[in-house]
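Remarks on the overall topology
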6 protein chains.
Amino acid sequence: MLTDDTINRVVRAALDEDAPWGDITSDLLVPAEATATGSLVAREPGVLSGVRTLRATSAAVDPALRVTVHVTDGEHFDVGDTIATLSGSARSILRAERVALNLMQRLSGIATLTARYVSLVKGTSARIVDTRKTTPGLRALERDAVRSGGGYNHRFSLSDAVLAKDNHLAVLAASGEHALTATLKHARSQISHTTHFEVEVDRIDQIEAVLAAGVDTIMLDNFALDELRAGVAMIDGRALVEASGNITLETVADVARTGVNLISVGGLTHGVRALDLGLDFAAPLGRP
Amino acid sequence: MLTDDTINRVVRAALDEDAPWGDITSDLLVPAEATATGSLVAREPGVLSGVRTLRATSAAVDPALRVTVHVTDGEHFDVGDTIATLSGSARSILRAERVALNLMQRLSGIATLTARYVSLVKGTSARIVDTRKTTPGLRALERDAVRSGGGYNHRFSLSDAVLAKDNHLAVLAASGEHALTATLKHARSQISHTTHFEVEVDRIDQIEAVLAAGVDTIMLDNFALDELRAGVAMIDGRALVEASGNITLETVADVARTGVNLISVGGLTHGVRALDLGLDFAAPLGRP
Amino acid sequence: MLTDDTINRVVRAALDEDAPWGDITSDLLVPAEATATGSLVAREPGVLSGVRTLRATSAAVDPALRVTVHVTDGEHFDVGDTIATLSGSARSILRAERVALNLMQRLSGIATLTARYVSLVKGTSARIVDTRKTTPGLRALERDAVRSGGGYNHRFSLSDAVLAKDNHLAVLAASGEHALTATLKHARSQISHTTHFEVEVDRIDQIEAVLAAGVDTIMLDNFALDELRAGVAMIDGRALVEASGNITLETVADVARTGVNLISVGGLTHGVRALDLGLDFAAPLGRP
Amino acid sequence: MLTDDTINRVVRAALDEDAPWGDITSDLLVPAEATATGSLVAREPGVLSGVRTLRATSAAVDPALRVTVHVTDGEHFDVGDTIATLSGSARSILRAERVALNLMQRLSGIATLTARYVSLVKGTSARIVDTRKTTPGLRALERDAVRSGGGYNHRFSLSDAVLAKDNHLAVLAASGEHALTATLKHARSQISHTTHFEVEVDRIDQIEAVLAAGVDTIMLDNFALDELRAGVAMIDGRALVEASGNITLETVADVARTGVNLISVGGLTHGVRALDLGLDFAAPLGRP
Amino acid sequence: MLTDDTINRVVRAALDEDAPWGDITSDLLVPAEATATGSLVAREPGVLSGVRTLRATSAAVDPALRVTVHVTDGEHFDVGDTIATLSGSARSILRAERVALNLMQRLSGIATLTARYVSLVKGTSARIVDTRKTTPGLRALERDAVRSGGGYNHRFSLSDAVLAKDNHLAVLAASGEHALTATLKHARSQISHTTHFEVEVDRIDQIEAVLAAGVDTIMLDNFALDELRAGVAMIDGRALVEASGNITLETVADVARTGVNLISVGGLTHGVRALDLGLDFAAPLGRP
Amino acid sequence: MLTDDTINRVVRAALDEDAPWGDITSDLLVPAEATATGSLVAREPGVLSGVRTLRATSAAVDPALRVTVHVTDGEHFDVGDTIATLSGSARSILRAERVALNLMQRLSGIATLTARYVSLVKGTSARIVDTRKTTPGLRALERDAVRSGGGYNHRFSLSDAVLAKDNHLAVLAASGEHALTATLKHARSQISHTTHFEVEVDRIDQIEAVLAAGVDTIMLDNFALDELRAGVAMIDGRALVEASGNITLETVADVARTGVNLISVGGLTHGVRALDLGLDFAAPLGRP
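Below: a short report on this structure. Just so it is clear, the structure is predicted and the values come from calculations on it, not from any experiment.

**What to know about the overall build of chain A**
- Tallying secondary structure elements over chain A gives 11 helices and 12 strands in all.
- Taking the principal axes of its C-alpha atoms as reference, chain A extends roughly 75 × 35 × 25 Å.
- Within chain A, the fraction of its 288 residues that count as buried is 61%.
- Sequence separation of at least 24 residues holds for 71% of the intrachain contacts in chain A that already meet a minimum separation of 6.

**A look at the interface of chain B and chain A**
- Facing the 67 residues of chain B at the interface are 67 residues of chain A.
- Interface of chain B and chain A: buried area, both sides summed, is about 5400 Å²; carbon and sulfur atoms make up 62% of it.
- There are 4 salt bridges connecting chain B and chain A.
- Across the salt bridge formed by A:R139 and B:D18, the nearest N and O atoms sit 2.8 Å from each other.
- Linking chain B with chain A are 26 residue pairs in polar contact (both at pLDDT 80 or more), by the criterion used here.
- Broken down by secondary-structure element, the contributors of at least two residues to the side of chain B that touches chain A are α1 (4–18), α2 (24–29), α4 (90–120), α5 (139–148), β7 (162–164), α6 (166–174) and α7 (180–190) of chain B.
- At 9 residues, α4(B) tops the list of elements feeding residues into the side of chain B that touches chain A.
- When its residues are assigned to classes, the side of chain B that touches chain A shows 34 nonpolar, 18 polar and 15 charged.

**Here we look at the sheet that holds strand β6 (residues 127–129) of chain B**
Residue and element names in this part refer to chain B.
- One open sheet holds the 6 strands; their spatial order is β6-β11-β10-β9-β8-β7, and the pairing between them is parallel. Strands with a single pairing partner mark the edges of an open sheet, and in this sheet they are β6 and β7. Taken over all neighbouring pairs, the strand axes of this sheet differ in orientation by 25° on average, direction set aside.

**Quick look at the pairing of strand β12 (residues 277–281) of chain B**
All names here are of chain B.
- The buried fraction of β12 is high, at 4 of 5 residues.
- As defined by bridge partners, strand β1 (residues 35–42) adjoins β12 across 5 bridges and the pair is classed as antiparallel. Its bridge partner lying in β12, A42 is registered against L277.

**Overview of the packing of aromatic side chains**
- For the structure on display, the rule yields 9 aromatic pairs over all chains.
- When the centroid spacing of 4.5 Å and the interplanar angle of 15° are considered together, the rings of A:W21 and E:F156 count as stacked. Note that A:W21 is positioned in the loop between α1 (4–18) and α2 (24–29) and E:F156 in the loop between α5 (139–148) and β7 (162–164), a pairing that runs across two chains.
- What makes E:F156 buried here is its relative accessible area of 8%.
- Each member of the aromatic cluster is reached from another via a ring pair, and the members are A:W21, B:F156, E:F156 and F:W21.
- The side chain of A:R127 reaches across the aromatic face of A:Y152, ending 3.6 Å from its centre.

**Focus: the side chain of B:S148**
All names here are of chain B.
- Considering the arrangement of structural elements, one finds S148 in helix α5.
- Within polar-contact distance, the side chain of S148 engages the side chain of S49 at 3.0 Å.
- In this structure S148 touches V47, L48, S49, D73, G74 and A111, once residues within four positions along its chain are discounted.

**Comments concerning helix α1 (residues 4–18) of chain C**
- Compared with the 21 Å implied by 1.5 Å per residue over 15 residues, the 21 Å span of α1(C) between its first and last C-alpha is a close match.
- Structurally, α1(C) contributes buried residues whose contacts are with α3 (51–61), α4 (90–120) and α5 (139–148) of chain C together with α5 (139–148) of chain D.

Cut-off values and rules
- Residues numbered from 1 in each chain as written.
- Chains lettered and ligands numbered in written order.
- Predicted model: local features only at pLDDT ≥ 70, side-chain atom pairs only at ≥ 80, totals over all residues.
- Heavy atoms only, no water.
- Helix = DSSP H or I, 4+ residues; strand = E, 2+ residues; numbered from the N terminus.
- Buried < 20%, exposed > 50% of the residue type's maximum accessible area, 1.4 Å probe, protein only.
- Contact = heavy atoms within 4.5 Å.
- Buried area = accessible area lost by both parts, 1.4 Å probe.
- Salt bridge = Lys/Arg side-chain N within 4 Å of Asp/Glu carboxyl O.
- Polar contact = N/O pair within 3.5 Å; in protein donor to acceptor, adjacent residues only side chain to side chain.
- Nonpolar A, V, L, I, M, F, W, Y, C, P; charged D, E, K, R; others polar.
- Pairing = 2+ DSSP bridges.
- Axes fitted to C-alpha atoms, helices over the stretch in contact; angles between N-to-C directions.
- Phe/Tyr/Trp six-rings, centres within 6.5 Å; stacked < 30°, edge-to-face > 60°.
- Lys NZ or Arg CZ within 6 Å of the ring centre and 35° of its normal.
- Expected span 1.5 Å × (residues − 1).

Encoded structure:
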């Protein structure tokens, strides 16, 4: 989940980064008492995420700014739609503008891309889930954007679920450890009962050894479609099945139809382009 | 400039975000004494940026990790090139992997895109410069990536240079302030002699009034090519000329040939895709 | 898991709290070059936890102090046993003494009490698990102490697992929400596949509705022994079973024999007494 | 003294520790608009401490929560007494519950134990005072709890008073320093006139040398009752006298009757058990 | 510019430094409900700076304190003038008093001294500018005080403008680098177009080489008056001219008449004495 | 006392303030491998304080810099004396220069002024003590500088000693509280036995009432010399006597001869001028 504390921390750091000792231009050129109204307008269609970052930025800059929201997180909008309006001190709106846009553009880009993936798997039992390929410092916000787009989250971090990948298994093997099943079984016995246990396999012949250890989810990494189908059949409900590895908008529907439960897409947060949103000032500006 | 302090702050926050209470998978499955060698390999061609973030991540996780760098910031690489190798504790390499990749992929994406813009203006007097459309929290790193790609930086923030935009001029007008030249002249007289003074104009007929105030740079925003040429001629060396507004890889060469000094491209940091880099583990792994 | 970062944060804050502007007594009375050897000695028997806090305190005060550890986390010790020795600067040892003792005494108290519970359920399939009744600021260390005593951890916090308690169900009911099964099912469908889902019930007749929603663990709160047995039989492996509520050293063995998988004991961290450890200085002290 | 800043720092860190990314259970199961009233009820008798931590926790979670306090710090309460009530958002009350209880239970445990010691020395001139054996991070709160119980505080830390103990004197001796009186006299001449100067002695024959140096307090460590009486007579008002060392509820009254001014009891904060307090929700819950 | 964030950071740190665990005297002796009115009175004449620090200190201590300001930043005041009054809780006023005075006395000392320099150069084209010789931690406030006194700021820090001094040129020479002009020209080509480029020269014969590189400002360090005149003539408007080096109240007018644009005076912040301001309590005090 | 932690916090903040994103001049103009030697030279005579800040600044910038100290804290030096030398990376020395000088100049100014006061009271029993009139953020360093000059410290802050001033007594009176003696006696009974209790009086006829309450120190504020003598006689060793109020270099010797124990001088830290120290670079510079 995304807490207000997290949003406020990100927003305050961003505001500080964007004007460590104030906005010298507005202080020189914009009278302190000038007021304005700015409209956050979509320059391309998409799915929104980040309304709370807009509110938090506005409040951090100037609690007296009024924010009216017309589109909320998870809603679709079209070119030219007004997403929100800010009104109040002109200096405050100019100060908040870039930080709010930088955050909302990126988050809405993620929500929009996620929504495209989600729409492509509609009717199947597959969830679209994110990965740890997030922007450093923004993970909680980007995970929230994935949810805005209709996707689901995978584990938050290395600390809150076990996910044994090829590298771990390789190290185990090279280290001369016990057979895979025994090792995984022992690992499982060590962790809290609330900790999810997932293992990645590269080949279909690894599945039985992993299942025998009692895992919650098996990730089938870079499997061809027929291998995925075979994997799903072999696992047969004894664990959740996650498909992973270079899944794109072109391939996701076919992958979903193999019967997997989860499709993780690094590109949701990694390969995403910021969406084009802008702030338009209404004319004429008033005075208080 | 990008200081080690800034890099370390970003890297430590990212490591903490990625494993607030440790990597439970490696602690369960990878023996503490297992060693490994991981190669950072390019999965697509590009221009590198972020070697210092790799070193900082590695040092923050485990000062005993050895980092060997084969490609440095600003250098081109090809698919399959090994950019760097890490060797030492397997647990440490796994812990550093995602954070280092998330940073380097984004920064190298920026450097690569910047380099494409820079190559398109080669032979002209125009510099490619960045904007404030950066990822919140990563501005100093992303500006460094622009320099890795051969671009230049614009002002760092709202605090270190004056840049009067349409919105400022609009507020001035609406507030019934003095004529533009007088206002700008007065503003200039208030600031430190070390503060750069730049003004954005939307129409060619605004240029003379701005020039009369004595500015360092005039930004011609969303000017057509012939308007840019006319603007450059009119300004005639009395100020630097910056072209701005929806400049793309398709249009940048033509813009550069109009004689402008600076071309600012928000897309360098805003519309960029992370470059695909991966970490490959060598087999077999040894023990100390 | 307990990371070095967490330990260091706690230790540094404790050292700062214990001497915000230095140890004026030692600075006045102990020559800067005086050396000493201090032995950490058990004044009562127990199970150790906190060796890493001892090392961290020592290193934070003076990296030149030498720490030799004779008993490690999870090991039993007797009255008079020397747990560790510190040698080096006398001022540094006096500076580290109280902080190290305050931490290790509390953590070893937890490990010792946990070990008593664990020994009482030996031979059954029940795990002893902790709760959120921990000392504010020390949760990660106290959870580690529970593991030192042979216990297991429950969820770390409100953020990393769902645990629906009587109050949640009460609020649901009062709010006129849908039937329990439907509500829990819907909730489960919203969360990440890696998030554990546990529900507390107060009466045996609530179990079927909860099971029907598909939960990972059912907590039987304040059940009598025969109710626990009936609950275990009814659940029959379809979920883990956790016994909870006023379980003491007197009752834990009987509870474990009902067949529950987990027994949560708030008293492990809540009702625990610090164990008596002391630091004895060897005589005579030397000079470098 | 205990400042609001200190309380807020502890409370915010505890809330963050208890839900770093939110309370996922309440967010799933408790409607945002549901309201509730929770009563903080005593499950055993005692003396209260920590009302300000309750208010601070409540305010940090949700400034709109209403807190009504029925018992204040230092007051006795009985089993079943309602100490305070919280009303407002059900989610907010559930979020604040554990942190507030964890703090108040520990602090009230300290106040209750202190009050028992204090009542045992009533009628004598002896004060019960605390020590540095406090929980790392909570010293200022625990000292306040000692005052709630009618006790007094000793020095806050190593920085604000001199307390020369056996180890210091041992180091001095071993280092071949001047005679004890001269050394203490010199030390006293170095410090601020506002710094209290106390010296611990182990044997009655050390007293005269210490008194001759001009000290504020002499601590008689581990003295038998008749030795304490002899010490008090020998010092005869020339310094305050503090008894120290394994003083328990069984022995404290006899110690107080020897005429000492101060009795320091490490167990006030070190050997204390958290008091059993609970939060009961009223039914039925309403909606706003 | 001086932001509220900066002021608040300084004020909060100062309040914490001045009373880390509260004001024990007022808590003992001043009833919580006692009210008072304190007048900030000038004990010597001067120019004010720091009204915002007074407001921030008052608000940080107690938002209910009322602050009435009679003299604002930049205004002259005389002995005995009341600069501001605080009214409200007596405890709060006593808590804020020392921190507010310590800040305002220093800042007003700077403004007063600056105003003396500024008045001495009236009628010339020279600006009085500050240097980096500021109190660590207070630079932004002290720069603001210089502006209160009618002075101007030089660069904020090493990061926001190039200022090549004798030491830099010495290092260059010693390192066998290219000729001065070439080196400076290359340096200039590397930096952002918004970065001011200034070079210090010690001798008049260095000026041409520096001018040839295209610099924004030339600093003439420790030049005699006739050398300054010669330098101004030689530069002839091709760059700004800054005089620097041991300029005092005695010499500044003559320096200004040489035609330089800027006169930097380290003593504005470095050699300044705090101005004598005091807080007088009105009698009799009331109760709420 | 002044801890390394405090020094490092101040130094790091100052370095960050002086170059938030690096020293762009040195990075452009000084080769990374150039080395230099800088001598810290006295431009006027004085008493040194701040050697530890020099070492800390140097270490924070570059642990490889070598610092050789020729004059230590508390020692007198003459014009032209070399206080310390730094050698190593030229960039690092240039980076450390201003911060180290800004700190040492101020601290040595305080030590020098204190030493003048101390020499004037030599032969009397009076100590020169400081006040809370220190630079916000630098109190611990400035108190250390007072000790370097041979002075003593008063209480550190409002938290560590009681000092009842005229304002407190005024509030008491106005609030209709009990008689002065009773109030002070009650206050004394509330505080820790380690807390110093001092009361300021304005008139000689207040002394007996204060003495009767049992105080540690009486401050005679703004007493004429004969009043001071009378006060000392009246108090007659029953409490320490502190003279306070506008004591200058001209009057301090006479005040000391009245027999007071303490003379507090706000001007030690409040009215002090930074001492002139400079950093001279040796020529020619070498390369590694």
